[in-house]
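# Survey of secondary and tertiary structure
So the chains spell out like this:
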Amino acid sequence: MMKSVILTFVLLLSTLAAVTGQDIYGSPYSYYGIGQLVTQGSGINTAKGGTGIGSRPWYDLNTANPAAYTSPIVPSNYIFLADYAFSFHDFTFSDSHYNSVESSITNLTMWFKPMNNLGLVVGMSPYSKMGYNINEVKNLAGYGNYDVLNKGTGGVNRYYVGAGYTIWKRLSFGFNANYLFGSLQRETKVQLDELDETYARDRLSLANFAFDFGMQYQQKFGKNSYINAGGIWKKGTQLKTVQTNQLINAETSSLLIGWDSYPDDYVTPDEYGVGLEVSLFDKVAVSGDFLYKDYSKAFLGNEVTMLDTRRFSGGVDWMPNPASQSYFGRAVVRAGFFYETKPWKLTEQQLAGYGVTGGLSLPLSNYMSRINLGFGWEQMGTSATGRESVYTVSVGLSLHDKWFQKRAYD
């Protein structure tokens, strides 16, 4: 039954991605670099502000820190975690107004616990995403105004295997070995009546391995109450790049000329994070994270100056009565907020954004399996650079099961 549910859900997500992933655009700010970098974590983390560096939930999987892979203590030794998100973007700049939508699979993870102090995962999630459709009006002396259409799609995905190990009851370490792989496609079309319409298209392919590490320390201070502290470090990596360039006839879509080039390899930023969580009576957990990205050695293109970023986030999750047999007693309510600076420096100032999130985890027939619902609102930018509001709704599954155990029959 469990395998059938997983297969059905994955096929549904794949179908949604195929149907809605065509010619759908997200944030105009994804124009820069390799697109917008995605904060690591599942829909569970996103619903509580993106926190999770210090979190050790006993009833579900935390993917924001690999040291937390040992935290689930429920009877199941296998968890399948999947999330799908739909976002609506509202962008305003001067007298212009721009709306767009995007939807995608945001997380697929399988977790195993072969021993009490060892947790293993394999999964995939987006590392960056690009999706913009921008119309610029420019002026040419002796001609007047003309349009330049810019489109960009694609992103870099993260495929990973990881492990978490508890050395003793309080101290845990973990790591992820990641393979970053993806492509970015950009098109630029100049519309001049006197000229045959052509447009330029380039596809940038990027790939390489990357590693990240985490640790957590847990201190008990009362009945079923804990203080958890954690830290993560993600080492930046050099992405090998190959660019395919094409000049295309707009009327016939035929290729006029094409060539390959080898631009400077892109380098992702180092990331450092710390987090703290206070968990009370296995019911309420309040968490806070700080995440810093160092762009001093990073290179993600020459379109704009990149600056170091800082992210502050807080969140809470609440299960009314974990021991209850009632449906809503075992449901989990989540809420959170965040504030972060963005890496782009536009009009002599660094962009910033802030937002609020929330979510609900509802039990399925299996005692610990859940459907996870989430929502979020974020605003970033200014009137000088363009102000964007993003509304996100997500749905996910957290399916628990017991593997590699013999059943006894009378």
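Up top is the structure.
Residues numbered from 1 in each chain as written. Predicted model: local features only at pLDDT ≥ 70, side-chain atom pairs only at ≥ 80, totals over all residues. Heavy atoms only, no water.

### A short note on a nonpolar patch on the surface
Taken together, the side chains of Y159, F175, Y179, F181, F209, F211, F213, W233 and Y272 define a hydrophobic patch exposed on the protein surface, amounting to about 870 Å² of accessible area. Mapped onto the secondary structure, F181 falls in strand β6 (residues 171-191). A relative accessible area of 42% places F181 in the partly exposed class. (Patch = residues over 30% accessible without salt bridge, like charges linked within 9 Å, V, L, I, M, F, W, Y side chains within 5 Å. Areas by Shrake-Rupley, 256 points an atom, 1.4 Å probe, with all protein chains shown as cover. Salt bridge = Lys/Arg side-chain N within 4 Å of Asp/Glu carboxyl O. Helix = DSSP H or I, 4+ residues; strand = E, 2+ residues; numbered from the N terminus. Buried < 20%, exposed > 50% of the residue type's maximum accessible area, 1.4 Å probe, protein only.)

### Here we look at unusual backbone geometry
One non-glycine residue, N224, lies in the positive phi region at around 55 degrees. Looking at where N224 falls in the secondary structure, it is placed in the loop between β7 (198-222) and β8 (225-234). Phi is positive for F281, close to 60 degrees, though the residue is something other than glycine. Structurally, F281 is set in the loop between β12 (270-280) and β13 (284-294).

### Looking at the pattern of salt bridges
Summed over all chains, the structure comprises 9 salt bridges. A salt bridge links K342 to E378, with the shortest nitrogen-to-oxygen separation between them at 3.0 Å. Of this pair, K342 sits in strand β16 (residues 332-346) while E378 sits in strand β18 (residues 370-380), and the two are 36 residues apart along the sequence. Here the salt bridges do not stand alone but share partners, grouping R311, E340, K342 and E378 into one network.

### Observations regarding the environment of S287
The topology assignment puts S287 in strand β13. Look at S287 and you get buried, because its relative accessible area is 8%. Distance from S287 to S313, taken between C-alpha atoms, is 8.4 Å for residues 26 residues apart in sequence. A distance of 2.9 Å separates the side chain of S287 from the side chain of T51, its partner in a polar contact. (Polar contact = N/O pair within 3.5 Å; in protein donor to acceptor, adjacent residues only side chain to side chain.)

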